[in-house]
Structures are given as structure tokens and as C-alpha cells.
Amino acid sequence: MSGNDTKLTDLVGSQVTVITNDGKHYVGVLRGYDQTWNLLLQECQERVYSAKSGVQVIQNPGIYCIRGDNVAIVGEVDEEADGAVDLSAIRAAPLVPIRH
Amino acid sequence: MLFFSLFKTLVGKEVTVELKNDLCISGALHSVDQYLNIKLTNTRVHNEQKYPHMMSVRNCFIRGSVVRYVHLPPGAVDVEVLHDATRREARGG
């Protein structure tokens, strides 16, 4: 394939956001991946959204392994912008699951 | 192969990807692969009030299997060429 690649290589070692098919939202450091988008996330936190209260952050000290077929989006986090966000002020309903 | 080729011609264009969880993400199409996984740069989520999850994300990868629609800019596709390519593909070569 020419020039531009649809590969996660550049994101290894950096902070990523992952949205899964069941609507969960994880933020962590991408440590590894394979061709089926199985992911390894270190210092991973789950962000639980609620329409009534702020975002609840569940910190996981270990490593998360997310199976590729359960991954919808992998986003590159702008850490400066992410640090400026006040999670406790965000009110949003949780994402609905992917419906095929 | 036809759609893969079509998307390759759209690299650099502004597109909107609608996901199967109703999330709409606009951005410049950076790349696409054989599974129609998509990489967007300079992304923006529609209705950010409702979907604040991607606020600090500027570039993202979207798995092909969760894409419902890709909205293309008008005039981005030469319909005549696509027409011919479709017929060629249907004939098997």
C-alpha cells in the first residue's frame, strides 16, 4: 500500500483512547497490538459516563488486554487537552453498544 | 477490491463516518486498508455535548466492522468511472 498506512505502530507507547463495541471507554498507554487489533493497555482507566453525575474513573494498575473484535475506535489522545478536561463536570449518557 | 480502490482515491478528502452506535465523526481521510479500517485526522465528533468521549482526540482509527455509513463530499466520486469499474468487477475481471 502506498505511503499512508492504517497501522497502529505510531501509537505504541503513547496515550490512547479505546471505545469498545459494548460502549465502554478506556484510556491507557498502548503497549502492543496485533493485526486483529488485539490491544495491550498499560495504566488503563475506564471512564464510566453518567447523565446524572460526573465521569467515574476506574483505575486499573495492571495491563488490560482487549480482544480486537470488541474494539470500535482507537484514538490518539492529545495529553495536554485531556489534562485540561474536568471529568467531574461532564454529564453524558453512556455510549450505546454497537448494533450490527 | 472495488471499494478498497474507491476509498484509496478519496484519501485526503473530508469525510464523515457514521458508526453502528450512532456516533458521527468527521475528519480528513488519512488511510484505509483491505478491511476498510479507516484512519481519520483532524477529527471532530458531531453533537459533542452528547458524545464528549472523544474531546481530546484529534486522530483516530475506526474499525471497518463498526462503520455504518461513510458520507462522502459531493463531487468526490466520478460516477462514470465507478460505473465502468463496477461492470468490470461484475464480469469477473
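Parameters and conventions
- Residues numbered from 1 in each chain as written.
- Chains lettered and ligands numbered in written order.
- Predicted model: local features only at pLDDT ≥ 70, side-chain atom pairs only at ≥ 80, totals over all residues.
- Heavy atoms only, no water.
- UniProt positions renumbered as here; feature names shortened; annotations may be inferred.
- Helix = DSSP H or I, 4+ residues; strand = E, 2+ residues; numbered from the N terminus.
- Buried < 20%, exposed > 50% of the residue type's maximum accessible area, 1.4 Å probe, protein only.
- Contact = heavy atoms within 4.5 Å.
- Areas by Shrake-Rupley, 256 points an atom, 1.4 Å probe, with all protein chains shown as cover.
- Lys, Arg positive; Asp, Glu negative; His and termini not counted.
- Charge placed at Lys NZ, Arg CZ, Asp CG, Glu CD.

- As recorded by an unreviewed UniProt entry, chain B carries the name Sm-like protein LSM2 and is attributed to Chlamydomonas schloesseri.
- Check the Subcellular location (unreviewed entry) section of the UniProt entry for chain B; it says "Nucleus".

- Chain A is annotated in an unreviewed UniProt entry as U6 snRNA-associated Sm-like protein LSm8 of Chlamydomonas reinhardtii.
- Checking UniProt for chain A, the heading Sequence similarities (unreviewed entry) contains the comment "Belongs to the snRNP Sm proteins family."
- What UniProt records for chain A under Function (unreviewed entry) is the sentence "Plays role in pre-mRNA splicing as component of the U4/U6-U5 tri-snRNP complex that is involved in spliceosome assembly, and as component of the precatalytic spliceosome (spliceosome B complex). The heptameric LSM2-8 complex binds specifically to the 3'-terminal U-tract of U6 snRNA."

Considerations on the overall build of chain B
Part 1 of the reasoning: Scanning chain B from N- to C-terminus turns up two helices and five strands.
Part 2 of the reasoning: Counting from the amino terminus, helix and strand elements in chain B follow one another as α-β-β-β-β-β-α.
Part 3 of the reasoning: The burial tally for chain B puts 47% of its 93 residues in the buried class.
Part 4 of the reasoning: In chain B, of all internal contacts separated by at least 6 residues, the share reaching a separation of at least 24 is 43%.
Part 5 of the reasoning: Just so you have it, chain B exposes about 5,100 Å², and 52% of that area is on carbon and sulfur atoms.
Part 6 of the reasoning: Each charge class in chain B can be summarised by its mean position, and for the 12 positive and 9 negative side chains these summaries are 4 Å apart.

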